[in-house]
Amino acid sequence: MILWMTWVLFTIAFGLVSCQTPINLKNYQQPDKVTRQQYLFPARGSNLCSRECIAGDAPRICYYKWVAEPYTTLGPQCGNCPTNVTACDNPQCVVANGFEKSIITINRMVPGPFIDVCRGDRIIIDLLNSIAGGELAIHWHGVFQQGTQYMDGVPMVTQCSINEGDTFRYDFLANNEGTHYWHSHSGLQKLDGIQGNLVIRIPKSTDPNGNTYDTDYPEHTLMVSDWMNTTAEERFPSLYRKEPGQLPATFLLDGRGRPKSTQIPVGPTVPYKEVWVQRGKRHRLRFIAGLCTVCGVELTIEDHDMTLIATDGAPVNPVKVSSIIMFSGERYDVVLNANQNRHNTYWIHMRGLAECSVPDEQIYQLAVLRYEGTNEARPTAPGYNGGFGNGVILNPENATCGSGQGGICVSQLISSNPDTKNVLTTTPRISVPLYFGFNIKDRTQFFNKGRYDRYLVAPDRNLVTSWVNNISFVSAPSPIISQGPDIPGSVYCPIGNDGFPTCPANRAAEQFCECVYVIKIPWGAVVQIVIGDASPVYDLHHPFHLHGYDFFVVAIDQFRNGQTVASVSRDLMGIKFNSARPPARKDTVAVPSNGYAAFRFKADNPGLWFFHCHFMYHLATGMALVFQVGNDGDWPPIPRNFPRCGNFLNTPYVEDYYSMNALSKGN
């Protein structure tokens, strides 16, 4: 309630409510990308929101105009790139991996426009959908949206999808700092280009790790993404006779990278992404895992250690590592000390894990770290394994972070901020055991039953559907938060004897069902979630993201000695953790293959919050649910004239049509 009232007062102060004289938002429009020069030396009287934040400065309005549309890589705007390397940097030229393909972009950029603001600023985005026959919604990954729950950007949970030709205004406060990002939460659009960086800064003087770095430039926010040479939809449910599965062709750093030589056998190669640093300075690099497919990425920088200072937007006590393993949705901030003299350029090396590491694939990507003032070329590009040593690995596979194993799990990191809500020293009021996996379809029956369960084609050509606790999430016919009364109760999963959703009686024997999966959480309760891998395959580490919150990661491990999700959940309930050395706070956690992750948080942000696997194709087949914190009336009211939508069958028009049709036939 306090944050909601703060929001109302803020809108009145800026004259953005109906009783005030409206301001001209064009005066506050931000560029899609900010140069180092603009950031360090803004023009006099500038309203630029990408700036060094100063304690006590007034917040700003940060207005963006976005257009989503079909586009193409290496299109006309790229001229003769890559033959002419400078043409690859033309405005609106999307290079990617040098393979021409159809994509979807916002403002003709991959990654899309960069939102870079200070905490307390107001972010306003007018998003026009010009995708022919398409719809979309944008999620602000890592932003809590406390007070603006209906701006979270999940279709049919917090808003209607934006239809072709429509403009939707996102309007929210940048109320929690850190390295975040934004992406489409509709279908498979993220993999085809609709995602970008979002950073909410605080004054360096108030950053717990502000003394560890000298520079924090916008250009050093770097997205690691995976990339296909086909559209994402072409791989869903995937081809069956050739290229089953959904592996990427390569990875990109900040939208650029070279293909393996076998993928594009002729023609010049596009230039690598170059990251420029100043010799003798300590640079903050913000890495965002904008990954969509099942492969994690291990990243290292030649001859340079990295000092981790934050994860998923939350500061941690500094830890020196040699490489970082990132999974979809995670973010890691590191400090790189540009103090090497052996060369003037160094390789940034990214290699794929799990399915991307098998001998026939070994998918990897390179970029260049270049000290300013030099054009020195690196003579030999390393292969898949080149450049990776035996140093400390952050977030290692299969939770190999025990003594002598050379890894540091995120559960071993120490938060730089205290546990002000007493989450760690309070016995949880509720513990939610969750396990996820796959339902393998019997194809002899699957296509003869008159039922259309979603599925994808796995690499072994099995047909599978994803689930959590044997339930595959499906969307409601209307947004739950704004049009709850419009939704028939029959579409929700029924509640079982244990108080949690279960399958309907007519599907219980199958141990699998599809329904709108909502778990209710008491508002204000300390909550423990334990989520485990029930179908370990291909050494996958499923990253799960919770909207609206971050959480303390209290345990990560593989199952041992007959452990189950239920037994781990029971064992952890009685444990109170050391609040003097609180574990790291994250909003996305990778669950080890055949293992589990446990985390706790205080449910003090009422609303309907999506919780899902961040592997895009797993989400598309139902590996998700909604946590309802509190009840309708506990969260702020929906704005007046908020867009509405729904199932066409639930309208008086349809009822009248069928009634008249029946009468015309004499029935």
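Quantities reported herein were computed from a predicted structural model and do not represent experimental measurements. (Residues numbered from 1 in each chain as written. Predicted model: local features only at pLDDT ≥ 70, side-chain atom pairs only at ≥ 80, totals over all residues. Heavy atoms only, no water.)

Draft legend 1. Representation of the pairing of strand β33 (residues 595-602) within the structure. For β33, the tally of buried residues reaches 7 of 8 residues, placing the bulk of the element in the interior. Judged from the 7 bridges that link them, strand β28 (residues 526-533) and β33 form a sheet pairing that is antiparallel. Its bridge partner lying in β33, Gly-532 is registered against Tyr-596. Strand direction decides the pairing type here: strand β30 (residues 551-558) and β33, joined by 6 bridges, are antiparallel. Residue pairing across strands places Val-553 opposite Phe-599, the latter belonging to β33. (Buried < 20%, exposed > 50% of the residue type's maximum accessible area, 1.4 Å probe, protein only. Helix = DSSP H or I, 4+ residues; strand = E, 2+ residues; numbered from the N terminus. Pairing = 2+ DSSP bridges.)

Draft legend 2. The arrangement of the state of the cysteines in detail. One pass over the full model with this rule turns up 9 disulfides. Across the disulfide, Cys-53 is cross-linked to Cys-118 (sulfur-sulfur distance 2.0 Å). Handedness of the Cys-53-Cys-118 disulfide follows from its S-S torsion of about -100 degrees: it is left-handed. Of this pair, Cys-53 sits in the loop between α2 (36-40) and β1 (61-72) while Cys-118 sits in strand β3 (residues 115-118), placing them 65 residues apart in sequence. The buried category is assigned to Cys-53, whose relative accessible area is 10%. At a sulfur-sulfur separation of 2.1 Å, the disulfide partner of Cys-78 is Cys-93. Since a negative S-S torsion denotes a left-handed disulfide, the Cys-78-Cys-93 link at about 105 degrees is right-handed. Of this pair, Cys-78 sits in the loop between β1 and β2 (102-106) while Cys-93 is found in the loop between β1 and β2, placing the two residues 15 residues apart along the sequence. (Disulfide = S-S within 2.5 Å.)

Draft legend 3. Here's a closer look at the nonpolar core. Ranked by size, the top nonpolar core spans 107 residues in total, and within it Leu-434 and Phe-627 carry the most contacts. Dropping the residues within four chain positions of it, Leu-434 is found in contact with Val-468, Asn-469, Tyr-517, Ile-519, Ile-529, Val-530, Ile-531, Gly-532, Val-565, Phe-611, Leu-625 and Phe-627. (Core = buried A, V, L, I, M, F, W, Y, C linked by side-chain atoms within 4.5 Å. Contact = heavy atoms within 4.5 Å.)

Draft legend 4. Layout of the environment of Asp-121. Along the polypeptide, Asp-121 turns up in the loop between β3 and β4 (122-129). With relative accessibility at 0%, the residue Asp-121 sits in the buried group. For the pair Asp-121 and Ala-58, spaced 63 residues apart in the sequence, the C-alpha separation amounts to 8.5 Å. Those residues within four positions of Asp-121 in sequence are excluded, and the remaining contacts are Cys-49, Arg-51, Pro-59, Arg-60, Cys-62, Phe-172, Leu-173 and Ala-174. A polar contact is formed between the side chain of Asp-121 and the side chain of Arg-51, at a distance of 2.9 Å. (Polar contact = N/O pair within 3.5 Å; in protein donor to acceptor, adjacent residues only side chain to side chain.)

Draft legend 5. The arrangement of the pattern of salt bridges in detail. Per the stated rule, a full pass over the model turns up 31 salt bridges. For Arg-256, the salt bridge identified is with Asp-89, shortest N-O distance 3.3 Å. Here Asp-89 lies in the loop between β1 and β2 and Arg-256 lies in the loop between β10 (250-253) and β11 (274-277), a separation of 167 residues in the sequence. Classification of Arg-256 as buried rests on a relative accessible area of 14%. Accessibility expressed as a relative area gives 55% for Asp-89, which makes it exposed. Asp-254 serves as the salt-bridge partner of Lys-273, at 3.1 Å between the closest nitrogen and oxygen. Of this pair, Lys-273 sits in the loop between β10 and β11 while Asp-254 sits in the loop between β10 and β11, and the two are 19 residues apart along the sequence. Counted as one network, the salt bridges with shared partners bring together Asp-116, Arg-201, Asp-207, Asp-216, Arg-284, Arg-286 and Asp-333. (Salt bridge = Lys/Arg side-chain N within 4 Å of Asp/Glu carboxyl O.)

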